Each structure stands twice: as structure tokens, then as C-alpha cells.
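A look at the structure
Read off the chains here:
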There are 2 protein chains.
Amino acid sequence: MNVFSDIIHAMYPVSDESIGKLWAHAEIITLQKGEFLIKDGTVNRNLYLIKSGLLRSFHLEGDREDTLWFATDGDAVASMHSIFAKSPAIADIIALTETTLFQIPWTTLETLYEQCHDLANWGRRIAEEELYCLERRYRILGTGDAYSRFRAFMNLRPNSFIREIPLKDIASYLGMTPQTLSKLRARYAAEK
Amino acid sequence: MNVFSDIIHAMYPVSDESIGKLWAHAEIITLQKGEFLIKDGTVNRNLYLIKSGLLRSFHLEGDREDTLWFATDGDAVASMHSIFAKSPAIADIIALTETTLFQIPWTTLETLYEQCHDLANWGRRIAEEELYCLERRYRILGTGDAYSRFRAFMNLRPNSFIREIPLKDIASYLGMTPQTLSKLRARYAAEK
DNA sequence: GAATCCACTTAACATAGATTAAGAAATCAT
DNA sequence: ATGATTTCTTAATCTATGTTAAGTGGATTC
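Here goes a summary of the coordinates provided.

Criteria and thresholds
- Residues numbered from 1 in each chain as written.
- Chains lettered and ligands numbered in written order.
- Predicted model: local features only at pLDDT ≥ 70, side-chain atom pairs only at ≥ 80, totals over all residues.
- Heavy atoms only, no water.
- Least-squares fit on C-alpha atoms with pLDDT ≥ 70 in both.
- Contact = heavy atoms within 4.5 Å.
- Buried area = accessible area lost by both parts, 1.4 Å probe.
- Salt bridge = Lys/Arg side-chain N within 4 Å of Asp/Glu carboxyl O.
- Polar contact = N/O pair within 3.5 Å; in protein donor to acceptor, adjacent residues only side chain to side chain.
- Helix = DSSP H or I, 4+ residues; strand = E, 2+ residues; numbered from the N terminus.
- Nonpolar A, V, L, I, M, F, W, Y, C, P; charged D, E, K, R; others polar.
- Pairing = 2+ DSSP bridges.
- Axes fitted to C-alpha atoms, helices over the stretch in contact; angles between N-to-C directions.
- Core = buried A, V, L, I, M, F, W, Y, C linked by side-chain atoms within 4.5 Å.
- Buried < 20%, exposed > 50% of the residue type's maximum accessible area, 1.4 Å probe, protein only.
- Near = heavy atom within 4 Å.

Looking now at the relation of the copies chain A and chain B. The two chain copies are connected by a rotation around an axis plus a translation along it. Of the transformation placing chain A onto chain B, the axial shift is 0.0 Å and the rotation is 180 degrees, giving an RMSD of 0.0 Å. Both copies of the chain, as the preceding transformation shows, are related through a two-fold rotation axis. Of the C-alpha atoms belonging to chain A, the one lying closest to the rotation axis is found on Arg124 of chain A, 1.9 Å away. A high fraction, 100%, of the interface residues of chain A reappear at the interface in chain B, so the copies pair face to face through one surface.

As C-alpha cells, then:
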């Protein structure tokens, strides 16, 4: 599942010809653990498809990090703010493990969306799916008190790639301090 | 700006022929103030375009309401959860004032997206724009303490349709109680 | 045009979760 | 391997915000 065409196909049935056109403009990027894909305040108007690895998007507010999402193999990633407002990104994206990505410039995509009907639908599907994820993320994890958010998170994905994510990042994703998360984990284990 | 074709055009340049195809499947809906467009727990697989009025999306958590967004003239509205997961919606949408909408079934849209290249791009643009809005909503208003969220909100849209929204709903949008919002408003007025 | 109901404000009190601190465990670098 | 960071946990305070309560004004209903 980490070949370029497989990633595209998993999202929407695109013709080989169209995939070829995407591929012609794709560049392969590798990030080491701790390296930034996008820095808050810099312009980045690319779409990224994760071949393998683990990314985290967050924003630095004073000395507190607010984590927006995690992404892994096969996921699409971009700074919509940079792309739409045509201005610097308003969040950081960092690699949690060594990560390999396909990079495609947004301007190229805009052109291809005009040229190829199937790519337009592929682009639509990506945006719709992201939207669906974000809607769920906030409905399920942005609501209730700290413990109910934690439980909702545990129910959501008990044993996926989330295992590899440091607890401090999960705490920030759930909108609490690592200390609070630690307490809730102890409580959760006891209640089970 | 409240004719069907104008709303479509404001999003993406779609041909008259394609707009005609959309129009053939559109139904006009009118909601009175306080009426629900979508009830949490019911399936609703339609896209709505607001001709005029004001909507609020929220989720009832115990006796606390969490407001996700407000929408007004020209905005697109749908329950992505209902559409994608093909299951009941996970939030309510209610009319804050008398609201008139164009309703188009999602299954129809899927068909038209396959048929018409320009509609596929129009659908893509809707999803991307919504994504951009949601990204900003949480980056700007889901971060920091109550007062900084309130200030960010004031800077964002000091004098738009937001004026018509009851303060209790704005409080819920900003993740605080009406009492806290009231205190912050007094503080804000004093500091200015 | 009362009467009733909400929306909004103010204030006293209560509490969930932040902050601070410090030790244990894991990871990283030399 | 060994020392140095960094992560995770536990525990004692502290504070921002929720909760409860009560009063005012504006809107809605009969």
C-alpha cells in the first residue's frame, strides 16, 4: 500500500493515464524524526501523500502545543490556509518517525483538475474525506470533560498507529496536560 | 446573491448547462426560526445551499450545547458524517432565523460529479473551502484561554451576520458559559 | 397591556484541571 | 556501556472557569 498509484487508487478510481500525469509532477521527500514538513509562518502550497511514516500537526501557543491531527501511511496532508489564503501556514507539521512523502505542487493540481475529469473527482474526494475526519475529531474529542474525551479516544482507535505516538502528544491532541492524561490513564486501568 | 445560479457561481465557474442539471434536482425548503434542518441521530444525505437566513450546528452533550459552526447566505451545509458513514448524523442543525435553502440529494450529486467535469470541480471547491474554514475555526478559536478565544473571535468578524446571533450561542461556539462570556465582554469594553 | 418567558448580567462559591516539583523509567548520544 | 536528555508518573498547590443563585430588561403571548 505504499506505491504511489496504490495510494491514489485507495482514494478514488483514477485512470492510469491520469496517475501518470500526477506522477510526472511528484517529488519524493524524506524527513528524519523531528524534522519539519511545514513551519508555522512559512508559505507551503503543496499537497503531500504519505508513503510511510507518521506526522503531527500542531500550533505553538506560548509554550503550549495544540495538536490538530496525526497522519500516517496513505493519508493526504496540506496547509489549506497556506493554499487558500495564499499566505503563510498557521500551524507546524513535524515528523514523529522517519517519513517518506510524495510532494505535488498545488498549482499543478489546479491545472490537472481542469484537464482531467477523474482527477477533479479524486481531489474532491480527498477534501471531503478530510472534512469528514475533522468533523468527527471535534465532535468526539473536542467535547465533554477530560476523562470523557480520553475514553472517546480509547474507543476510537485502541490499537492502531496511535501506539507509536508519545503520550505527551496525545495529551496535547486531547487538549490536556501530560500530567492530567497520566492520571486519567491510571484511573482508566483501575476501572477496567 | 440569493438566486440559485449566483450561489453556485460564487463558488466556482460552472456552465449554465451544468447549473441547469443541478437545478433540475433542487428543492426549495423553508425553515421557521427554531426549526431543525437536521436532527442528531437521523440520516440526512443532502447538500444544502443557503438562499437566505442563519443556521447553527451543535451537539447536545448532557445539558450542554457545543456549537460547531454558524452558516448564512451563500454557504453550503451538510452532515458529512451522515453522507460518508451512511449512518445517522452526529449533530443538530437548527435555524436561528427564518431560513430558505436549496436541497440537493447527495446521491444525485455523486452522479452529476461523474457526468460533468465542471461540477466535479465545483464539489471539490466546496469541500476544500469548508475544510479551510474548519481548520481556521479550530486554530483560532479552539486554542488558548477563554479571554484570548473571545478576543480572537472579536478580531475575526467584528460586524458581520454574527450580530444577529444570541450571545448564549456565541458562548457555546467559543466553548464557555454565557456567564463567562458576559464577564469577558465587560472586561473587553473596559480595556478598550 | 399585563403576564410570562427568555436572554443577559453580576456575584459568591465550588471544582476540574493547570502548574509546580521531583523522582523513575526510557531513550539517546558519546 | 555510561552519562545525559527526555518522557512519564505521582502528588501538593493554585487558579480559571463552571455552577448556583438572583435580579433586570426585552420580547412574546394571551
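Back to the write-up after that little detour.
With that settled, consider the interface of chain A and chain B. Each side of the interface is counted separately: chain A has 37 residues, and chain B has 37 residues. Of the roughly 3,600 Å² buried at the junction of chain A and chain B (both faces included), carbon and sulfur atoms supply 63%. Seen at the junction of chain A and chain B, the total is four salt bridges. Taken together, the links from chain A to chain B amount to 18 residue pairs in polar contact (both at pLDDT 80 or more). Mapped by element, the contributors of at least two residues to the side of chain A that touches chain B are strand 4 (54-61), strand 5 (64-72), helix 3 (80-84), helix 4 (106-115) and helix 5 (117-141) of chain A. Per-element accounting of the side of chain A that touches chain B gives the leading share, 17 residues, to helix 5 of chain A. Taken together, the residues of the side of chain A that touches chain B break down into 16 nonpolar, nine polar and 12 charged.

Here we take up the sheet that holds strand 6 (residues 76-77) of chain A. All names here are of chain A. Across the sheet, four strands lie side by side as 1-8-3-6; this open sheet has antiparallel pairing. Of all strands in the sheet, those with a lone pairing partner are strand 1 (27-31) and strand 6, marking the two edges. The pairing of strand 3 (residues 46-52) with strand 6 spans two bridges and is antiparallel. Residue pairing across strands places Tyr48 opposite Val77, the latter belonging to strand 6. Its contacts with the sheet put helix 4 on strand 3 and strand 8 (99-105), and the angle it makes with strand 8 is roughly 60 degrees.

Looking now at the nonpolar core. Of all hydrophobic cores here, the largest spans 40 residues; its most connected members are Leu37, Leu55 and Val77 of chain A together with Leu37, Leu55 and Val77 of chain B. Ignoring sequence-local partners within four residues, the contact set of Val77 of chain A consists of Leu37, Asn46, Leu47, Tyr48, Ile50, Leu55, Trp69, Ala71 and Ile93 of chain A.

Turning to the protein's contact with DNA strand C, a few remarks are in order. What surrounds DNA strand C is a group of 15 residues, the closest being Ala146, Gln179 and Thr180 of chain A together with Lys168 and Ser182 of chain B. Sugar and phosphate atoms form 74% of the subset of DNA strand C atoms that lie within 4 Å of the protein. Between DNA strand C and the protein, one listed contact pairs a phosphate oxygen with a side-chain N or O atom of Lys33 of chain A at 3.2 Å. Taking Arg185 of chain B, its side chain carries an N or O atom lying 3.0 Å from a phosphate oxygen of DNA strand C. Contributions of two or more residues to the surface near DNA strand C are made by helix 8 (178-191) of chain A together with helix 7 (167-173) and helix 8 (178-191) of chain B. With four residues, the top contributor of residues to the surface near DNA strand C is helix 8 of chain B. Of the residues belonging to the surface near DNA strand C, the class tally is five nonpolar, six polar and four charged.

In the neighbourhood of DNA strand D, 14 residues make up the surrounding shell, with Leu167, Lys168 and Ser182 of chain A together with Ala146 and Thr180 of chain B lying closest. In DNA strand D, atoms within 4 Å of the protein come from the sugar-phosphate backbone in 76% of cases. At a separation of 2.9 Å, a sugar or linking oxygen of DNA strand D approaches a polar side-chain atom of Ser182 of chain A. Interatomic distance of 3.0 Å between a side-chain N/O atom of Arg185 of chain A and a phosphate oxygen of DNA strand D. Those elements that place two or more of their residues in the surface near DNA strand D are helix 7 (167-173) and helix 8 of chain A together with helix 8 of chain B.

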